[in-house]
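Each chain, written out:
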Amino acid sequence: MDKQEFRKRAHQLVDWMADYLEEKEKYPVTPNTEPKTIYNQLPKNAPEKGESFDQIFEDFEKIILPGMTHWQHPAFFGYFPANNSEPSILAEMLMSTLGAQCMSWLTSPAATELEERVCDWLRDAKGIDSSWKGVIHDTASTATLSAILTAREKASHYQINEKGFVGDMVFRVYSSSHVHSSIDKAIKIAGLGVQNLVRIPVNQEFAMIPEELEKAIVEDLKNGFYPLCVVSALGTTSSTAVDPIDEISKITQKHGLWHHIDAAFAGTALLLPEYQHLMKGHEKADSYVFNPHKWMFTNFDCTVLFLKEPQYLVNTFSLTPEYLKTQLDNEVNNYRDWGIQLGRRFRALKLWFVLRTYGLEGIREKLRNHLKLAKTVEGWIIKQDNLEVLAPVNFNTICFRYTQADLSVEKLNAINEKWMNEVNASGRAFFSHTKLEGKFVIRWVIGQTDVEQKHLESAWVLLKEKLQSIL
């Protein structure tokens, strides 16, 4: 493809992209397809000779598009969103065109300094202590792993990095029973052993009970374990429960544990001043993560990890072979040393585009609208006979189910699962589920960039239709 054809095809694709954004709700939210349907339409071998763009794009529309789940659809209510926006998409185009490898200041000075600045912007806008510093990672899974590895190395005086695990020291990590599965994975990768992840009981609102946390720490100390880290949740995945950050921070300070705050989804709400009280006590913690790629209109992937004392993170990951050393290393941030990856994408660019295009005021307006819509939906459910909300609606996620007094939990679980599957099979809306105290509940997450009340009303009609059809 020469530059002239590239220009032509780029214009063609931009027109298609703009059409897609305007017409995305005309697609089924989820595809009606069976496993291997797409795979079996593709040739067994890679082409020996190059093919034309027209052929490639025709197959994209004929084979790939019909098999896509449309995450940007306004009726995508499942999981947490991975919403995007026009300015973020445009920035992604520039990122791909520049093709920069932003591992250090020398390899892309502007990328490094823009990253530092936009992280400072977000820190201040969210009410995080002004002494903290941020770094952009790909996902919260990676950022949380980085925090746990840092806690491990700080506690071992970096000896595990140097010598591996020696002796009989057994580290313990604590979280609520509703913590995200990425914590389990991080414990495994960090070599701590998933059996050393201690699940702390939760209260009726599914938030960690601080007294139970301290009890577990004290018990482990008596039994010769080494309490290392507490992972608290500011918005759990199942129900968006909020752990008591301040009380947990006091306990971790008292016992010398690292405190990592996982606010992957709900952390965006801290851009609203009225939600910043949820972070009370964070200044006594050590790290905090949130995903702009979930609810801040920024294309996946983009995670921001904030640290009270980033030198511990840098000391954990810094490894500078001779070919990467520069004369400026002591004057700049080389973000390759702030996480696992050496190679880094220019993610700060899309954050910059989003923040400047919407402004904090525009982002807050959208967030408040989503929160208002969630309360509207909660009201519909509460007023409906035989429906119940099973968790506090702290943000924009509603956990609900069908209930009937004379039916067992198992029977109700089967009904609710069938109900959700019937709705999803229609292609008109998409929901996901969780289990709370053994009860199958449907999660209705309202966070898409362009979601409006009309989309909620249509989904509500659909839900009631499908429920009637299975009862």
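A few points on the structure. Computed from a predicted structure; not experimentally measured.

**Points about the overall build of the chain**
Then comes step 1: Within the chain, the secondary structure is distributed over 14 helices and 11 strands.
Then comes step 2: Taking 471 residues into account, the globule formula puts the C-alpha radius of gyration at 23 Å, and the chain, at 24 Å, falls close to it.
Then comes step 3: By its C-alpha atoms, the chain is 70 × 60 × 50 Å across when sized along the principal axes.
Then comes step 4: Nonlocal contacts in the chain, meaning residues at least 24 apart in sequence, comprise 73% of its contacts between residues at least 6 apart.
Then comes step 5: A total of about 22600 Å² of accessible surface is found on the chain, and carbon and sulfur atoms cover 51% of it.
Then comes step 6: For the chain, the distance from the average site of its 52 positive side-chain charges to the average site of its 60 negative ones is 1 Å.

**Thoughts on the sheet that holds strand E8 (residues 387-389)**
Then comes step 1: Overall, antiparallel pairing links the 4 strands, which are arranged E8-E9-E11-E10 in an open sheet. What marks the edges here is a single partner per strand, and that holds for E8 and strand E10 (432-436). Direction aside, the axes of adjacent strands within the sheet are offset by 40° on average.
Then comes step 2: Judged from the 5 bridges that link them, E10 and strand E11 (residues 439-445) form a sheet pairing that is antiparallel. In the sheet register, Ser432 faces E11, and the bridge partner there is Arg443.

**Structural notes on a nonpolar patch on the surface**
Then comes step 1: Together, Val14, Leu90 and Met93 give the surface a local cluster of nonpolar side chains, amounting to about 230 Å² of exposed area.
Then comes step 2: Among the structural elements, Leu90 can be located in helix H3 (residues 86-98).
Then comes step 3: Since its relative accessible area comes to 48%, Leu90 is described here as partly exposed.

**Quick word on a negative patch on the surface**
Then comes step 1: Together, Asp15, Asp19, Glu22 and Glu23 give the surface a local cluster of negative charge.
Then comes step 2: By secondary structure assignment, the location of Glu23 is in helix H1 (residues 3-23).

**Observations concerning the side chain of Ser232**
Then comes step 1: Here Ser232 shows up in strand E4 (residues 226-233).
Then comes step 2: Among the residues examined, Ser232 registers a relative accessible area of 0% and is labelled buried.
Then comes step 3: With residues up to four places along the chain from it excluded, the contact list for Ser232 reads Asp243, Ile245, Ile248, His259, His260, Ile261 and Asp262.

Definitions and cut-offs
- Residues numbered from 1 in each chain as written.
- Predicted model: local features only at pLDDT ≥ 70, side-chain atom pairs only at ≥ 80, totals over all residues.
- Heavy atoms only, no water.
- Helix = DSSP H or I, 4+ residues; strand = E, 2+ residues; numbered from the N terminus.
- Rg over C-alpha atoms; globule rule 2.2 N^0.38 Å.
- Contact = heavy atoms within 4.5 Å.
- Areas by Shrake-Rupley, 256 points an atom, 1.4 Å probe, with all protein chains shown as cover.
- Lys, Arg positive; Asp, Glu negative; His and termini not counted.
- Charge placed at Lys NZ, Arg CZ, Asp CG, Glu CD.
- Pairing = 2+ DSSP bridges.
- Axes fitted to C-alpha atoms, helices over the stretch in contact; angles between N-to-C directions.
- Patch = residues over 30% accessible without salt bridge, like charges linked within 9 Å, V, L, I, M, F, W, Y side chains within 5 Å.
- Salt bridge = Lys/Arg side-chain N within 4 Å of Asp/Glu carboxyl O.
- Buried < 20%, exposed > 50% of the residue type's maximum accessible area, 1.4 Å probe, protein only.

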